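Per-entry structural report
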Amino acid sequence: MKTITVFCTWLIYAAGFSAEFTLEQLQELALKNNNRIKATSLDIEAAEVDVKIQRAKFLPKLGVQLGKEWTRSTSLNESDDIRAIYGNVNLFNGFKDSSGLKKSRLTKSFYKKNSDSKRLEFKLNIEELFYNYLFLRKKEGILKSALSRNNKHLKLVKRRLNSSLITKTDLLEFQLRKSELEAEYESIILSLNRFKKKIFSYSGVENIQESKIIGELPHLYANEKLESVLSKGIKNNNDIRNLDLSTKLNELDSKINNSAWYPSVNLQARHGHLDENETGVSNDERATVVSVMATWELFSGMSTKEKMKKIKVQKVANQYRLKQTKLDLGLEIENLLNKLSILEKRINSTEEQQKVSKKLYKETLAEYKKGVKDSGSLTGASDLLKGLSSQIYEMKLEYLTSKIQLEKLVGMNLNFKEIKH
């Protein structure tokens, strides 16, 4: 269903109409257009082929042998036609092929998980850009409100100035404030356009001016326990998975290397007009030769033993890396969860402060109109409302950025509950 929605959105866009894009649509379009994601699919395909290549080593080799042999001497001048079919199958090679097959299957599994990991990371990158864009849009709204309030203040100030109730310095104060707010607003608009272009560039959307990004900056609450997140992280973290794969591959390399200590046993069969010198049977007659040959290398210049030492050292090194990575991951996950918990409390308390600041501003404005409060009090109340509103969305963005960072560490999407206001 999601694919159909994205396809329909793409058709609207391709037809030249203005389109609205949600986070999910932008992510799906980005995944379709990203070359690195496409490359991971080909890595899986190559790994699947390698599994088939390894599996083929268990099958017999069959073929046809055709040739002509000439024998010349002072007393002999003859030629033989070699026409035969042959087969060759390995019966035993110290489990080298079975270990090789397991290795190729492990590699295939790794590439599949790596592809999933890359897709998740890419989607989270788009999500981070998306939330930054929504945050800037909220900042734009806050600045618009602040400008609107300041314009209202200017009208009141001019009225009071005409009545000689205040001096020109009050007017200059609000005019300066207007200039500052307008400069800040222009900066936000530039940043909005930059993030919009970046998001659409990732997603492959070219008709930027006619396209819109829709969504709301969510207020999330972590619905996960530390033990659960740690367990998921150890299972899905990309660095841990790579080290775990290296350890398993190391063990298989050890088995493949150990196969050199065992004999290699091959079954061979040939049938047809064979070489008379090899069989002792006239080349004019059909003959069948079947042989079982065991080959056992007794000395290899100590290379097998030295390779084993190298593999053991690499295995121990991987185990140390894996242990340290798990410790580091646990600390990072705990720190991020603590940060999310603190931000949840701060957002809630700041939202309560914002409600009070709205009430304070309304009362200050009413008292200013009555002549009880001065312009400094009015500016301060307005700035407090603006500042607290900005802080809320800044903390929400910080929360969302930390949430994305945590999910990248864990290697999967986590359970977050959205709080509706």
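Only a predicted model underlies this, so the values are computations on that prediction, with no experimental measurement involved.

**So, the overall build of the protein**
- Scanning the protein from N- to C-terminus turns up ten helices and eight strands.
- Computed over the C-alpha atoms, the radius of gyration of the protein is 37 Å, more than 25% above the 22 Å expected from 2.2 N^0.38 for a compact globule of 421 residues.
- Seen through its principal axes, the protein has C-alpha atoms that stretch 140 × 50 × 40 Å.
- The long-range share in the protein, meaning contacts at least 24 apart out of those at least 6 apart in sequence, stands at 79%.

**A short note on the nonpolar core**
- Residues Leu 26, Tyr 131, Tyr 399 and Leu 406 are the most contacted members of the largest nonpolar core, which totals 58 residues.
- Elements with a contribution of two residues or more to this core: β1 (19-21), α2 (23-33), α4 (96-162), α5 (168-203), β5 (220-222), α7 (238-258), α9 (303-370) and α10 (375-410).
- With near-sequence residues (within four places) excluded, Tyr 131 lies in contact with Leu 23, Leu 217, Pro 218, Leu 397, Leu 400 and Ile 404.
- Core analysis: the second largest hydrophobic core is formed by eleven residues, Leu 156, Val 157, Phe 174 and Tyr 368 among them.

**Considering helix α3 (residues 35-56)**
- When the terminal C-alpha atoms of α3 are compared, their 32 Å separation across 22 residues agrees well with the 32 Å that a helix rising 1.5 Å per residue should span.
- Burial in α3 covers these residues: Ile 37, Thr 40, Ile 44, Ala 47, Val 51 and Gln 54. With its buried residues spanning 85° around the axis, α3 presents them on a single face. Turned more than 90 degrees from where α3 packs its buried face, Asn 35, Leu 42 and Lys 52 sit exposed.
- Contact partners of the buried residues in α3: α2 and α4.

**Examining the pattern of salt bridges**
- Tallied over the entire structure, the rule returns 19 salt bridges.
- Ionic pairing is found between Lys 403 and Glu 127, a salt bridge with its closest N-O pair at 2.5 Å. Of the two residues, Lys 403 sits in helix α10 while Glu 127 sits in helix α4, which places them 276 residues apart along the sequence. Accessibility assignment for this pair places Lys 403 and Glu 127 in one class, buried.
- Here Lys 339 makes a salt bridge to Glu 398, at a shortest N to O gap of 3.5 Å. Of the two residues, Lys 339 sits in helix α9 while Glu 398 sits in helix α10, which places them 59 residues apart along the sequence.

**Here's the deal with the environment of Ser 254**
- Structurally, Ser 254 is set in helix α7.
- Along the primary structure Ser 254 and Leu 384 are separated by 130 residues, whereas in three dimensions their C-alpha atoms are 68 Å apart.
- Dropping the residues within four chain positions of it, Ser 254 is found in contact with Met 308 and Ile 311.

**Some remarks on the packing of aromatic side chains**
- On inspection of all chains with the given rule, the structure shows five aromatic pairs.
- Measuring from ring centre to ring centre gives 5.6 Å for Phe 21 and Phe 200, while their planes differ by 65°; the resulting arrangement is edge-to-face. Of the two residues, Phe 21 is situated in strand β1 and Phe 200 in helix α5; the sequence distance between them amounts to 179 residues.
- Classification of Phe 21 as buried rests on a relative accessible area of 0%.
- Where Tyr 399 meets Phe 416, the ring centres are 6.3 Å apart and the plane angle is 85°; that geometry is what we call edge-to-face.

**Brief notes about the packing of α9 against α10**
- Two numbers describe how α9 lies on α10: the axes approach to 8 Å, and their chain directions differ by 160°. Taken as axis vectors, α9 and α10 run roughly antiparallel relative to one another. Pair α9 / α10 crosses with left-handed handedness.
- Its residues placed into classes, the contact of α9 with α10 shows 22 nonpolar, twelve polar and nine charged.

**Focus: a negative patch on the surface**
- A contiguous patch of negative charge on the surface is contributed by Glu 78, Glu 276, Asp 284 and Glu 285.
- With respect to the helices and strands, the residue Glu 78 is situated in strand β3 (residues 77-92).
- Residue Glu 78 is classed as partly exposed on the basis of its relative accessible area, which comes to 32%.

**Let's talk about the packing of α7 against α9**
- Between α7 and α9, the shortest axis-to-axis distance is 9 Å and the interhelical angle comes to 165°. Judged on the interaxial angle alone, α9 and α7 are roughly antiparallel. Handedness of the α7/α9 crossing: left-handed. Facing Asp 239, Ile 240, Leu 243, Asp 244, Ser 246, Thr 247, Asn 250, Glu 251, Asp 253, Ser 254, Asn 257 and Asn 258 of α7, the residues of α9 in contact are Thr 304, Lys 307, Met 308, Ile 311, Gln 314, Lys 315, Asn 318, Arg 321, Leu 322, Thr 325, Lys 326 and Leu 329.

**Some words on the pairing of strand β2 (residues 61-72)**
- Judged by how many residues are buried, β2 sits mostly at the surface: one of twelve residues are covered.
- One ladder, built from twelve bridges, connects β2 with β3; its direction is antiparallel. Paired with Thr 71 across the two strands is Glu 78, which belongs to β3.

**Overview of the side chain of Asn 150**
- Along the chain, Asn 150 falls in helix α4.
- Beyond its immediate sequence surroundings of up to four residues, Asn 150 is in contact with Phe 174, Arg 177, Lys 178 and Leu 181.

**Points about α7**
- Between the first and last C-alpha of α7 there are 30 Å, a value that for 21 residues agrees with the 30 Å anticipated at 1.5 Å per step.
- Of the surrounding elements, those touching the buried residues of α7 are α4, α6 (226-236) and α9.

About the criteria used
- Residues numbered from 1 in each chain as written.
- Predicted model: local features only at pLDDT ≥ 70, side-chain atom pairs only at ≥ 80, totals over all residues.
- Heavy atoms only, no water.
- Helix = DSSP H or I, 4+ residues; strand = E, 2+ residues; numbered from the N terminus.
- Rg over C-alpha atoms; globule rule 2.2 N^0.38 Å.
- Contact = heavy atoms within 4.5 Å.
- Core = buried A, V, L, I, M, F, W, Y, C linked by side-chain atoms within 4.5 Å.
- Buried < 20%, exposed > 50% of the residue type's maximum accessible area, 1.4 Å probe, protein only.
- Expected span 1.5 Å × (residues − 1).
- Arc of directions from axis to C-beta.
- Salt bridge = Lys/Arg side-chain N within 4 Å of Asp/Glu carboxyl O.
- Phe/Tyr/Trp six-rings, centres within 6.5 Å; stacked < 30°, edge-to-face > 60°.
- Axes fitted to C-alpha atoms, helices over the stretch in contact; angles between N-to-C directions.
- Parallel < 35°, antiparallel > 145°, perpendicular 65-115°, else oblique.
- Left-handed = near helix turned anticlockwise from the far one by under 90°.
- Nonpolar A, V, L, I, M, F, W, Y, C, P; charged D, E, K, R; others polar.
- Patch = residues over 30% accessible without salt bridge, like charges linked within 9 Å, V, L, I, M, F, W, Y side chains within 5 Å.
- Areas by Shrake-Rupley, 256 points an atom, 1.4 Å probe, with all protein chains shown as cover.
- Lys, Arg positive; Asp, Glu negative; His and termini not counted.
- Charge placed at Lys NZ, Arg CZ, Asp CG, Glu CD.
- Pairing = 2+ DSSP bridges.

The values reported here are purely geometric and, on their own, carry no functional implication.
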